[in-house]
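An overview of the molecular structure
Listed below are the residues making up each chain.
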Amino acid sequence: MAPIPDHTRDRLPEESLSVSKSLGNPMKRGTLSFVLAAAYLPLAAQEQPARPPITGIAHVRLYSTDLYKSREFYSHILGMAGGTAGCMGAILPCYTVNDHQQIELLQVTGGAPDNLLAEIAFATPDVEQMRRYLLAHNVTVGAIAKDTYGVQHFELRDPEGVHIAFVQLPASHFFNAPADQVSTRMVHAGFIVKDRAAEDRFYRDILGFRMYWHGGFKDADNDWWEIQVPEGNDWIEYMLNISPYADHNERGIENHFSFAVEQIKPAATRLRMHGLKSTDQPEIGRDGKWSYDIYDPDMTRVEFMEFKPAQPPCCNPYTGTHPKP
């Protein structure tokens, strides 16, 4: 419970004297303390708001050093359209994944940052309540803002400085995916993490994310730590044990995002038909899922994976439900 304010400072001198005298009697002092404490209990409860649901990833924003090349990649290779559903009226270049998920591009104006994953936004039905909840847990957050269509959101940084946001999605927009779009479901985003315990205190203890899967290049290791949003199946992935001297290409591999498809091999074939130049082939990862990695013009990894594992994972069982189309 929060400390009881000293309201005696606000009283007139004679009022303060009356109170101080009553405290001279041990019995009266105990009674008065109980009454004051009881009076402030409801207020203390109100100061700890409940966390609203966090239902999934709303958008991923990426830095681009060449918007022309990035547009070619996301519109032609991935077959995504802009100007529909949540991208309607967007100021930044925006590509629609489905009626509630988007990919946004942000032009780099100076030197390219170490992490080209500019922002991960999570969906919640009540951004005002989410902001109150985070403030009650001593988390520094930005002010609530609205985009051109009135969609409310606010931004903050996690303990390692990763830029995240919470978005209050409006009623579902009508969306009909283009025939060339390879995937209509974004399932996770991953980023380099140096202090897993600090990130867990934020994402798991405060925000309520729950374990989905973890594993490593060796069975006993933890190189990937996957935690799902509390009221959905999307997840974030800590990329662990990465050298602080990792170069641009390595950071692009680690700071990534992922689409899901029903079958990976036909998806890889479609990407090549759209002009993807890659000799890599789909493979089953240590998590037991078929996956296929490609890279945007800035060498940010765009992962495609199947919704469900094709075989048991290497190191630990899944503890959460798999996403669905």
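Throughout what follows, the structure given in this document is the object of discussion. These figures come from a predicted structure and were not determined experimentally.

Reading the values: rules and limits
Along each chain, numbering runs from 1 in the same order as the chain's sequence is written. Residues qualify for local features only when their pLDDT is at least 70, as the model is predicted, and side-chain atom pairs are given and counted only at 80 or more; totals for whole chains, interfaces and linings, by contrast, use all residues. Side-chain measures were taken over the full set of non-hydrogen atoms in the model, leaving aside hydrogen atoms and water. Starting at the N terminus, helices and strands are each numbered in turn, a helix being any DSSP run of H or I of at least four residues and a strand any DSSP run of E of at least two. Summary of the burial criterion: residues with accessible area below 20% of their type's maximum are buried, those above 50% are exposed, and those between are partly exposed, where the area comes from a 1.4 Å probe applied to protein chains only. A contact between two residues is defined here by any heavy atoms of the two lying within 4.5 Å. Accessibility throughout is a Shrake-Rupley quantity obtained with a 1.4 Å probe, and a residue counts as covered only by protein chains that appear here. The pairing criterion is simple: DSSP has to find at least two bridges between the two strands. Think of each axis as a best-fit line through the C-alpha atoms, taken over the contacting stretch in the case of a helix, with angles from 0 to 180 degrees between the N-to-C directions. For the purposes of these results, a polar contact is taken to be a pair of N or O atoms within 3.5 Å, where, inside protein, one atom must be able to donate a hydrogen and its partner to accept one; residues adjacent in sequence count only when each atom of the pair is a side-chain atom. Whether two aromatic rings pair depends on their centres lying within 6.5 Å, for rings of Phe, Tyr and Trp, where Trp uses its six-membered ring; planes under 30 degrees apart make the pair stacked, over 60 edge-to-face, and the rest tilted. Here, over-ring charges are defined by two tests on the NZ atom of lysine or the CZ atom of arginine: distance to the ring centre within 6 Å, and angle to the ring normal within 35 degrees. To count as a disulfide, a pair of cysteine sulfur atoms needs to be within 2.5 Å. By arc we mean the arc of the directions from the helix axis to the C-beta atoms, nothing more. To form a nonpolar core, buried Ala, Val, Leu, Ile, Met, Phe, Trp, Tyr and Cys residues must be joined to one another through side-chain atoms within 4.5 Å.

Quick look at the overall build of the protein chain
Secondary structure summary: the protein chain contains seven helices and 15 strands in total. Here the protein chain holds 325 residues, and the buried ones make up 44% of them. Across the protein chain, the fraction of contacts at a sequence separation of at least 24, relative to all contacts at a separation of at least 6, is 66%. Carbon and sulfur atoms make up 54% of the accessible area of the protein chain, which amounts to about 16,500 Å² in all.

Looking at the sheet that holds strand S2 (residues 94–98)
The strand order across the open sheet formed by seven strands is S2-S3-S1-S4-S7-S6-S5, and the pairing between neighbours is mixed. Edge positions in the sheet fall to S2 and strand S5 (145–146), since each has one partner strand and no second. Direction of pairing for S5 relative to strand S6 (residues 152–157): antiparallel, over a ladder of two bridges. Among the inter-strand pairings, Lys146 is bridged to a residue of S6, identified as Gln152. Strands in contact with helix H4 (residues 127–136) are S6 and strand S7 (163–168); relative to S6, the strand with the most contacts, it is inclined by about 25 degrees.

A few points about the environment of Asp195
Topologically, Asp195 is positioned in the loop between strand S8 (186–192) and helix H5 (196–206). In this structure, the C-alpha to C-alpha distance between Asp195 and Glu160, residues 35 residues apart in sequence, is 7.8 Å. A polar contact is formed between the side chain of Asp195 and the backbone nitrogen of Ala198, at a distance of 3.1 Å.

Digging into the packing of aromatic side chains
In total, this model carries 17 aromatic pairs according to the counting rule given. Ring geometry for Phe73 versus Tyr74: centroids 4.8 Å apart, planes at 85 degrees, classification edge-to-face. Assigned by exposure class, Phe73 and Tyr74 land together as buried. Considering the side-chain rings of Phe191 and Tyr203, the 6.4 Å spacing of their centres and the 45 degrees angle between planes classify their relative orientation as tilted. Of this pair, Phe191 sits in strand S8 while Tyr203 is found in helix H5, placing the two residues 12 residues apart along the sequence. Phe191 gets classed as buried once you look at its relative accessible area, which sits at 0%. Here a set of aromatic residues connected by ring pairs shows up, and it is made of Phe122, Phe154, Phe166, Phe191, Phe202, Tyr203, Phe209 and Tyr238. Its end group placed over the ring of Trp225, Arg196 keeps NZ or CZ at 3.8 Å from the ring centre.

Focus: the sheet that holds strand S9 (residues 210–215)
Spatially, eight strands are ordered S9-S10-S11-S8-S12-S15-S14-S13 in an open sheet, and the strand pairing comes out mixed. Every interior strand has two partners, whereas the edge strands, S9 and strand S13 (283–284), have only one. In the packing of H5 onto the sheet, the strands contacted are S8, S9, strand S10 (224–228) and strand S11 (235–239), and the crossing angle to S10 comes to about 10 degrees. Where helix H7 (residues 264–273) meets the sheet, it contacts strand S12 (256–261), strand S14 (290–295) and strand S15 (301–306), and its direction lies at approximately 20 degrees from that of S14.

Focus on the state of the cysteines
One way to say it: the disulfide is the covalent bond shared by the sulfur atoms of two cysteines. Under the criterion given, the structure shown has one disulfide. Residue pairing for Cys314: its cysteine sulfur links by disulfide to Cys315, the two sulfurs lying 2.0 Å apart. One quick way to see it: the torsion about the S-S bond of Cys314 and Cys315 is about -80 degrees, and its sign makes the bridge left-handed. In this structure Cys315 comes out as buried when scored by relative accessible area, which is 19%.

Structural notes on H4
Those residues of H4 not exposed but buried are Val127, Gln129, Met130, Tyr133 and Leu134. Within H4, the buried residues cover an arc of 160 degrees as seen down the axis, which keeps them to one side. Against the buried residues of H4 lie S6, S7 and H5. One side-chain oxygen of the residue at the start of H4 lies 3.3 Å from the amide nitrogen of Glu128, identifying that residue as Asp126. The first or second residue beyond H4 is Asn138, which carries a positive phi of 60 degrees.

Focus on the nonpolar core
By size, the foremost hydrophobic cluster in this structure holds 57 residues, and its most contacted members are Phe122, Leu134, Tyr203 and Phe304. Counting 10 residues, the second-largest nonpolar core is a separate cluster that includes Val187, Trp213, Trp235 and Phe307.

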